Amino acid sequence: MHLSLSGDEELVGQNRTGDIIAPAFCITGIENNLSHFRAAKDSEILFLDIHSLLAHPVNESFYSKFIANLTTILATNNIILNRKIQLLTQKSLSKKLMTYFMQLSRESKSRTFRLSFTREQLAQYISSERSSVCRELGRLQNDGLIRVNGNEITILEPVG
């Protein structure tokens, strides 16, 4: 979550079991006072001293695998943030929603996919109000662009 100066929350993304949280901040040592993390349920967090791991490799194969995995994680985070920028730079709410849905569709390789967000979280993710998102989902459905069934979305008419 990011907090605005007025205290509004914006959902940046979701982590899953086993994910590394904020690796770029850990590696660079830059303080992160813009984001905070909230667990949806009780969680165990393993704190690692990344600099010790990098400075004192246990063995060469472990070190090589660790660096390869860390590079993949950082590259994936970069792609995710670029997708978020693509979404947030859309000029209308309908374009934001359809951009996000097209991203999910490509990711799942299907026109039908499940949202992992509640409507409130979806609104926070695209920097909008929940009521506006719900209203726009109805419009997109009425216009024949999508079908909404709970958290399942089907793209009927792809945009672009």
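As the structure is a computational prediction, the values presented were derived from the model and not from experiment.

Give me the side chain of T154: which residues, what numbers.
Mapped onto the secondary structure, T154 falls in strand β5 (residues 152-155). Here the side chain of T154 touches T112 through a polar contact of 2.9 Å, side chain to side chain. With residues up to four places along the chain from it excluded, the contact list for T154 reads R111, T112, L145, I146 and R147.

Can you lay out the pairing of β5 for me, pointing to particular residues and giving the numbers?
Sheet analysis places strand β3 (residues 112-114) next to β5, joined by three bridges and oriented antiparallel. Within β5, the residue paired with R114 across the bridge is E152. Examined bridge by bridge, strand β4 (residues 146-149) and β5 share four bridges and lie antiparallel to one another. Of the residues in β5, the one forming a bridge with N149 is E152. Between β4 and the antiparallel strand that follows it, β5, lie two residues; G150 among them carries a positive phi value of about 65°.

Tell me about the environment of N82, residues and numbers included.
Here N82 is to be found in helix α3 (residues 60-88). With 46 residues separating them along the chain, N82 and S128 place their C-alpha atoms 19 Å apart. Among the polar contacts made by the side chain of N82, one reaches the side chain of N78 at a distance of 2.7 Å.

Tell me about helix α6 (residues 130-142), residues and numbers included.
Along its 13 residues, α6 runs 18 Å from first to last C-alpha, staying within 8% of the 18 Å computed at 1.5 Å per residue. Three or more residues of α6 are buried, namely V133, E136, L137 and L140. Around the axis of α6, the buried residues are gathered within 110° of arc, so they sit on the same side. On its buried face, α6 sits against α4 (93-108), α5 (119-125) and β4. Immediately beyond the C-terminal end of α6, within one or two residues, lies G144, with a positive phi of roughly 80°.

Any chance you could break down the side chain of K96 for me, citing the residues and the numbers?
Summarising the element assignment, K96 is placed in helix α4. If near-sequence neighbours (up to four positions away) are discounted, K96 is found in contact with L87, L88, Q90, I126 and S127.

Break down the sheet that holds β5 for me, citing the residues and quoting the values.
The three strands are arranged β3-β5-β4 in an open sheet whose pairing can be described as antiparallel. Each edge of the open sheet carries a strand with a single partner, namely β3 and β4. Neighbour-to-neighbour, the strand axes of the sheet open up by a mean angle of 20°, direction not taken into account.

Conventions we followed
Residues numbered from 1 in each chain as written. Predicted model: local features only at pLDDT ≥ 70, side-chain atom pairs only at ≥ 80, totals over all residues. Heavy atoms only, no water. Helix = DSSP H or I, 4+ residues; strand = E, 2+ residues; numbered from the N terminus. Polar contact = N/O pair within 3.5 Å; in protein donor to acceptor, adjacent residues only side chain to side chain. Contact = heavy atoms within 4.5 Å. Pairing = 2+ DSSP bridges. Expected span 1.5 Å × (residues − 1). Buried < 20%, exposed > 50% of the residue type's maximum accessible area, 1.4 Å probe, protein only. Arc of directions from axis to C-beta. Axes fitted to C-alpha atoms, helices over the stretch in contact; angles between N-to-C directions.

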